[in-house]
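Here are the chains, one letter per residue:
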Protein chains: 2
Amino acid sequence: MPDGSVSGDARTRILDAAEAIVRARGVSGLTLDAAARQAGVSKGGLLYHFGSKEALITGLLGRMAEWMALDFESCVAGQPEGPGRVARAMLAWAFELTPDAINERCDRAAAVFLAAFHHDPALLGPIRAVIARMRKAVEADGLPPGHGHAIMAAGDGLFMARVFGLYAPTEPERHAMHAALSRLLEVAS
Amino acid sequence: MPDGSVSGDARTRILDAAEAIVRARGVSGLTLDAAARQAGVSKGGLLYHFGSKEALITGLLGRMAEWMALDFESCVAGQPEGPGRVARAMLAWAFELTPDAINERCDRAAAVFLAAFHHDPALLGPIRAVIARMRKAVEADGLPPGHGHAIMAAGDGLFMARVFGLYAPTEPERHAMHAALSRLLEVAS
DNA sequence: GTAAGTCAACCGTCCAGCCGGTATAGTCAC
DNA sequence: GTGACTATACCGGCTGGACGGTTGACTTAC
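Keep in mind that what you see is a predicted model, and the values were worked out from it rather than measured.

Conventions used here
- Residues numbered from 1 in each chain as written.
- Chains lettered and ligands numbered in written order.
- Predicted model: local features only at pLDDT ≥ 70, side-chain atom pairs only at ≥ 80, totals over all residues.
- Helix = DSSP H or I, 4+ residues; strand = E, 2+ residues; numbered from the N terminus.
- Buried ≥ 20, exposed ≤ 12 C-beta atoms within 10 Å, placed from the backbone.
- Contact = placed C-beta atoms within 7 Å.
- Axes fitted to C-alpha atoms, helices over the stretch in contact; angles between N-to-C directions.
- Parallel < 35°, antiparallel > 145°, perpendicular 65-115°, else oblique.
- Left-handed = near helix turned anticlockwise from the far one by under 90°.
- Nonpolar A, V, L, I, M, F, W, Y, C, P; charged D, E, K, R; others polar.
- Core = buried A, V, L, I, M, F, W, Y, C linked by C-beta atoms within 7 Å.
- Near = placed C-beta within 6 Å.
- UniProt positions renumbered as here; feature names shortened; annotations may be inferred.
- Least-squares fit on C-alpha atoms with pLDDT ≥ 70 in both.
- Arc of directions from axis to C-beta.

Turning our attention to the overall build of chain A. From N to C terminus, chain A includes nine helices and zero strands. Going from the N terminus to the C terminus, chain A shows its helices and strands as α-α-α-α-α-α-α-α-α. Dimensions of chain A along its principal axes, counting C-alpha atoms only, are 65 × 30 × 30 Å. For chain A, buried positions account for 36% of its 189 residues. For chain A, the proportion of contacts with a sequence separation of at least 24, taken over those separated by at least 6, is 66%.

This is the structure in structure tokens:
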């Protein structure tokens, strides 16, 4: 009877553990030992599922990229059709969820992101692909050029501020930013 | 007659070397040995000037924060007075320099930034202080609330995209983003 | 019995920090 | 002005610990 305290199959548990460690102790805290221990597995057990640290991080990143793509797609689907649909989806993604939901998403993404970038920037490939698709979508959005990209960049900026703890806008401030950026949705150039 | 090949006092040379290493080989390439060698100093010599790796990174960050504050201040000074002056300075900072100048600044900042964050997020304090001052300035800018913050966030987003190599807007795209964000400067709400 | 999954001990490498040294320059006593 | 002493700047070998990865044995489940 293996384990007992923890749930799910070992693979998922290991990925979750790795993510949690990065969130709690930073990228440098992510060692195979630590991840194994937190997942309730020995180091050998971990290496059975992920043959190297790089494989572990690749696993983390693949899962993340998939989530991101789905999350964003469902955000677009939730917007009425018409010009600026994708841009509106981005605003909704960045501003219309509860603060807790946004922070949770940001922090998970940040952990995976930073771990991958630190180990080898090339590992970010899957995320880059997802982002490239978003940019394509926002370009074909029916808004004047640059408007969608500007909205997207503002969302990215908030993400970065959260990742590095640079600043944390208050709720009223976020609301005002949302309103300001919404002006860019008006088709009148 | 010590040294010969390299210029400047040892302290500055070491800081420059550390920065160059992070840019060339990433945060994990920054070791005391490597920094010392690149600066044309022995490890012992480096440790004479910076008593620990943390002290070295703190030095890097202090220098960076100072530059940033001065750079931004001079950008504000270059804008005509009136509402939106600080926001206009931010746009100028992010869009009106030559691409090479912007990339150079971004890459230097990114190197210091990532090194500090990786070693200990708390080290970012000085940068956070500079950014907090910018946010205060943009709030007292005479623009409707949120507009300045939105412009600032968009600039931050472009910075992040560059840091992590997520995407690289073409010059026409940047120009269009600039135009779009400039709409937020119009006082008519 | 055999294959999948797990374990613990071990190895080689790398790195931060330490420490005992060297060399040059300045200062003071006499 | 010369010898004793001190401060500043720098050197490079060493070490102890951490980390990624390997090995081989054990334990179920089928």
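There's plenty left to go through after this.
What follows deals with the packing of helix 7 (residues 125–139) of chain A against helix 8 (residues 147–163) of chain A. Residue and element names in this part refer to chain A. It is the contact of helix 7 with helix 8, at a shortest axis distance of 8 Å, that shows an interaxial angle of 140°. The pairing of helix 7 with helix 8 is recorded here as oblique in orientation. Considering the relative orientation of helix 7 and helix 8, their crossing is right-handed. Two secondary-structure elements touch here, helix 7 through M134, V138 and E139 and helix 8 through G148, H149 and M152. Among the residues forming the contact of helix 7 with helix 8, the class breakdown is three nonpolar, two polar and one charged.

Take the nonpolar core next. Of all hydrophobic cores here, the largest spans 110 residues; its most connected members are A18 and A35 of chain A together with A18, A35, L60 and A115 of chain B. Excluding residues within four positions of it along the chain, A18 of chain A makes contact with L30, A35, L56 and L60 of chain A.

In this section: the protein's contact with DNA strand C. Around DNA strand C, 17 residues are found, and the nearest of them are G44, G45 and Y48 of chain A together with T31 and K53 of chain B. Looking at the surface near DNA strand C, the elements that each hand over two or more residues are helix 3 (43–49) of chain A together with helix 2 (32–39), helix 3 (43–49) and helix 4 (53–77) of chain B. Sorting elements by how many residues they give to the surface near DNA strand C places helix 3 of chain A first, with four residues. In the surface near DNA strand C, the residues fall into six nonpolar, six polar and five charged.

What follows deals with the protein's contact with DNA strand D. Near DNA strand D you find 18 residues, and of these T31 and K53 of chain A together with S42, G44 and G45 of chain B are the closest. Looking at the surface near DNA strand D, the elements with two or more residues in it are helix 2 (32–39) and helix 3 of chain A together with helix 3 of chain B. Broken down by element, the residue count for the surface near DNA strand D peaks at six residues, all from helix 3 of chain B. Looking at the surface near DNA strand D residue by residue, the class counts come to seven nonpolar, seven polar and four charged.

Another aspect to go through is the interface of chain B and chain A. On the side of chain A, 37 residues touch chain B, which itself brings 36 residues to the contact. Mapped by element, the contributors of at least two residues to the side of chain B that touches chain A are helix 6 (99–119), helix 7 (125–139), helix 8 (147–163) and helix 9 (171–182) of chain B. If one sorts the elements of the side of chain B that touches chain A by residue count, helix 8 of chain B sits on top with eleven residues. Along the lines of polarity and charge, the residues of the side of chain B that touches chain A split into 23 nonpolar, eight polar and five charged.

Moving on to the UniProt feature "DNA-binding region" (unreviewed entry) in chain A. Under the UniProt annotation, "DNA-binding region" (unreviewed entry) lies at residues 31–50 of chain A. Helix makes up 75% of residues 31–50 of chain A and strand 0%, with an end-to-end C-alpha separation of 13 Å.

Now for the environment of R108 of chain A. Mapped onto the elements of the fold, R108 of chain A is located in helix 6 (residues 99–119). Remark: the alpha-carbon pair of R108 of chain A and D16 of chain A, spanning 92 residues in sequence, is separated by 10.0 Å.

Another aspect to go through is the relation of the copies chain B and chain A. Superposition record for chain B on chain A: RMSD 0.1 Å, screw rotation 180°, translation along axis 0.0 Å. The two molecules are tied by a two-fold rotation axis, judged by turn and shift. A high fraction, 100%, of the interface residues of chain B reappear at the interface in chain A, so the copies pair face to face through one surface.

Let us look at helix 2 of chain A. Residues and elements named next belong to chain A. Buried residues of helix 2: A35, A36 and A39, and no others. Buried positions in helix 2, seen along its axis, are confined to an arc of 100° and lie on one side of it. Note on helix 2: the residue one or two positions beyond its end, G40, has a positive phi of about 70°.

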